[in-house]
Amino acid sequence: MEPTGSHPQVIIIGAGLAGLACARELSLAKVPVLILESSDGVGGRVRTDELEGFRLDRGFQVLLTAYPEAQRALNYDALELQPFYSGSDVYRHGSFQRLADPLRHPIAALRGAFCPIGTLYDKWFALLLRLELRRLQTVPRQTMEVTTEELLEAYGFSENIIDRFFRPFFGGIFLEKELRTSSRLFQFIYAMFSKGQTAIPRLGMQAIPNQVAASLPAGSVRLNTSVASVESGSVTLANGEKIEAPHVVIATDENAALKLLNGPETKPASQRSVTCLYFTTNDPTLPTTPIVYLDGEGCGPVNNVAILSNVSAAYAPAGQRLISATVIGACGSEALEGAVREHLARWFGEGVSQWRHLRTYTIANAHPESRQSHTGNYVQNARISPGLYRCGDHLEDVSINGALLSGRRAAEAILATYPPP
Ligand SMILES: Cc1cc2nc3c(=O)[nH]c(=O)nc-3n(C[C@H](O)[C@H](O)[C@H](O)COP(=O)(O)OP(=O)(O)OC[C@H]3O[C@@H](n4cnc5c(N)ncnc54)[C@H](O)[C@@H]3O)c2cc1C
């Protein structure tokens, strides 16, 4: 295809999944786009670093294969998705208790039915909730909105299963353990876990944005290019250069969008943060199941662990294991590593003291606060003023799905302004 970057019809600020999805949709409609990205790569919050043969995602993250927009936008086969075990091992009172998905691992689920995490009623309620939500394709905008904790209580789940399972499991997804996140987002994510698999691309999460970027015409993305301000019909870069186009899409994270719209002094919106520590070992006694381990005791600091090389062997060099430990909040102090080792020695034994620390990622602006209150009018949501549009996870559900969906919605809002062919 011809390079399109020099005379764009649409400038997109930000090469996260929302900006890339917007560009892809416009490119499919033969509209020339130019993405301006301030960092050195595409993907935004979905990036993977390579270090000594290890693949380190910038924070533990997964793709839920049931995400409808991801199914639409991505080629799963080419991503070589590697699934996790459908269930979790919850650490409580000196050992792991397995909570398995009853439809995918019925025998393990039957064994777990009598484990001390939750009651038989809880397991029954979990199945009922799954049935109730099985048709959900988007975040439900019409259901009553309460907090996730209130919804679980109203459903009749016991305090035991809320504290031991829902709090660490959904805490790791929402990046807050109070479960104050909207019940609507919970319902959507619960449905996605029930309907599909939890997976990572064989070569790391970066494969997802790379795949979308590869579908764009050559020259569509300019990296290391920070936008300083947005005017009607143009943007001005941090180096003073001005680029014109009839349409501009702000596809940045929420706080960068607020600054571009309201000026650099704008008060930032509150964000959720997370810290991810990577370790390696060649200890052959470590478990080999590709499962997520959860803290069912609530005494921290670690919320969840995954031995990623059990899920995708390509995440570590041969003979090595790659372990990710997630701590909710931005707590990248030196003391943290010791506290994490101490905590994980209770889970995996004294060998943890010999694990080699590879890197710690502290992600201060990992998630915007979840707001699920918009009306569902996507064009209104995407259009700021004539010629100026926005997209990003802060406008949809905070997820890979939400980012991809909002990017497509912004593209559709622009395409609607063109006369029919
Ligand atoms: C640690 C972590 C774990 C997560 N886990 C999951 C998970 O398991 N499953 C899931 O579905 N979702 C998960 N998410 C959420 C998901 O990654 C995000 O919702 C999604 O990637 C957001 O994409 P976006 O395009 O809206 O924003 P971003 O990815 O933030 O993209 C915005 C882009 O804009 C660029 N930019 C900003 N300002 C400017 C400027 N002035 N000029 C030019 N460029 C600019 C940024 O550099 C960035 O590349 C996780 C997120 C994090 C951080």
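Here goes a summary of the coordinates provided. Because the structure is predicted, anything quoted here is derived from the model rather than measured. As a convention, each chain's residues are numbered from 1 in the sequence order in which they are written. For this predicted model, a pLDDT threshold of at least 70 governs which residues receive local features, and a threshold of 80 or more governs which side-chain atom pairs are given and counted, while totals over whole chains, interfaces and linings are taken from all residues. Side-chain measures were taken over the full set of non-hydrogen atoms in the model, leaving aside hydrogen atoms and water.

### Considerations on the packing of aromatic side chains
Now for step 1: Side-chain rings of Phe, Tyr and Trp (the six-membered ring for Trp) are treated as a pair once their centres are within 6.5 Å; stacked means planes under 30 degrees apart, edge-to-face means over 60, and tilted covers the remaining angles. Applying the stated criterion across every chain, the model contains 27 aromatic pairs.
Now for step 2: Taking the centre distance of 6.2 Å and the plane angle of 70° together, the rings of Phe166 and Phe186 count as edge-to-face. Pair noted here: Phe166 is in helix α7 (residues 159-174) and Phe186 is in helix α8 (residues 183-195), with a separation of 20 residues, a long-range link.
Now for step 3: A relative accessible area of 2% places Phe166 in the buried class.
Now for step 4: Throughout, exposure labels follow a simple rule: accessible area from a 1.4 Å probe, protein chains only, divided by the maximum for the residue type, with under 20% read as buried, over 50% as exposed, and the rest as partly exposed. Since its relative accessible area comes to 0%, Phe186 is described here as buried.
Now for step 5: Judged by centre distance (5.5 Å) and plane angle (45°), the rings of Phe186 and Tyr190 are tilted. One end of the pair is Phe186 and the other is Tyr190, both in helix α8 and four residues apart, which spans about a single turn. Secondary structure is summarised from DSSP: a helix means a run of H or I of at least four residues, a strand means a run of E of at least two, and numbering begins at the N terminus for each.

### A word on the sheet that holds strand β7 (residues 87-92)
Now for step 1: A pair of strands is treated as paired once DSSP finds two or more bridges between them. Strand order across the open sheet formed by seven strands is β8-β7-β16-β17-β18-β15-β19, with mixed pairing between neighbours. At either margin of the open sheet sits one strand with a lone partner, and together these are β8 (95-100) and β19 (356-368). In this sheet, neighbouring strand axes are inclined to one another by 25° on average, regardless of whether the strands run parallel or antiparallel.
Now for step 2: Direction of pairing for strand β15 (residues 271-281) relative to strand β18 (residues 321-328): antiparallel, over a ladder of eight bridges. Its bridge partner lying in β18, Leu277 is registered against Ala325. Structural elements are reduced to axes, namely lines fitted to C-alpha atoms, with helices fitted over the stretch in contact, and the angle between N-to-C directions of any two is expressed from 0 to 180 degrees.

### Here's the deal with α7
Now for step 1: To estimate the expected span of a helix, count its residues, drop one, and scale the result by 1.5 Å. With 16 residues, α7 should cover 22 Å at 1.5 Å per step; its first-to-last C-alpha distance of 19 Å lies more than 12% under that length.
Now for step 2: Positive backbone phi, at 60°, marks Leu175, one or two positions downstream of α7.

### Digging into the nonpolar core
Now for step 1: To qualify as a nonpolar core, a set must consist of buried Ala, Val, Leu, Ile, Met, Phe, Trp, Tyr and Cys residues joined through side-chain atoms within 4.5 Å. Ranked by size, the top nonpolar core spans 87 residues in total, and within it Ile12 and Phe166 carry the most contacts.
Now for step 2: Take this core: its biggest share by element is eight residues, from α8.
Now for step 3: Inspection of this core shows a minimum of three residues originating in each of domain 1 (10-46 + 206-269 + 371-415) and domain 2 (48-83 + 200-204 + 271-368).
Now for step 4: Contacts are assigned to residue pairs that have any heavy atoms within 4.5 Å of one another. Excluding residues within four positions of it along the chain, Ile12 makes contact with Gly19, Cys22, Ala23, Leu26, Val33, Leu34, Ile35, Leu36, Val249 and Ala251.
Now for step 5: Grouped together as the second largest cluster of nonpolar side chains are 24 residues, Leu277, Ile291, Val302 and Leu336 included. Domain delimitation in this document rests on an assignment produced automatically or drawn from a domain database.

### Section: the pattern of salt bridges
Side chains that differ in charge, positive against negative, can pair when their charged atoms come close.
Now for step 1: For this document, the term salt bridge refers to a Lys or Arg side-chain nitrogen within 4 Å of an Asp or Glu carboxyl oxygen. One pass over the structure, following the stated rule, counts 24 salt bridges.
Now for step 2: Put simply, Glu176 and Arg180 hold a salt bridge, and the shortest N to O gap is 3.6 Å.
Now for step 3: Of the residues examined, Glu176 reaches a relative accessible area of 3% and is grouped as buried.
Now for step 4: Notably, a salt bridge pairs Arg222 with Glu241, separated by 3.0 Å at the nearest N-O pair. Here Arg222, found in strand β10 (residues 221-222), pairs with Glu241, found in the loop between β12 (234-237) and β13 (242-244); they are 19 residues apart in sequence, far enough to count as distant.
Now for step 5: With relative accessibility at 33%, the residue Glu241 sits in the partly exposed group.
Now for step 6: A cluster of three or more residues bridged by salt bridges with shared partners is formed by Arg24, Glu25, Glu69, Arg72, Arg408, Arg409 and Glu412.

### Regarding the site of the ligand
Now for step 1: Taken together, 35 residues sit near the ligand, with Glu37, Arg45, Tyr67, Asp393 and Ile400 positioned nearest.
Now for step 2: Ala18 places a main-chain nitrogen or oxygen 2.9 Å from an oxygen atom of the ligand.
Now for step 3: A distance of 2.7 Å separates an oxygen atom of the ligand from a polar side-chain atom of Tyr67.
Now for step 4: Only the protein chains shown count as cover for residues, and all accessible areas are computed by the Shrake-Rupley method using a 1.4 Å probe. For the ligand, whose accessible area on its own is 1000 Å², the fraction buried by protein is 91%. A molecule or strand has a residue near it when one of that residue's heavy atoms lies within 4 Å. The definition of a polar contact used here is a pair of N or O atoms within 3.5 Å, where within protein one atom must be able to donate a hydrogen and the other to accept one, and adjacent residues in sequence count solely through side-chain atom pairs.

### Details of unusual backbone geometry
Now for step 1: In this chain, Gly300 is followed by Pro301 through a cis amide linkage whose omega measures 0°.
Now for step 2: On the secondary structure map, Pro301 appears in the loop between β16 (292-295) and β17 (304-307).
Now for step 3: Not every positive phi belongs to a glycine, and His93 is a case in point at roughly 50°.
Now for step 4: Relative accessible area serves as the criterion here: at 63%, His93 is assigned to the exposed category.
Now for step 5: Positive phi values are uncommon outside glycine, yet Leu175 reaches one of about 60°.
Now for step 6: Position of Leu175 relative to the elements: it lies in the loop between α7 and α8.

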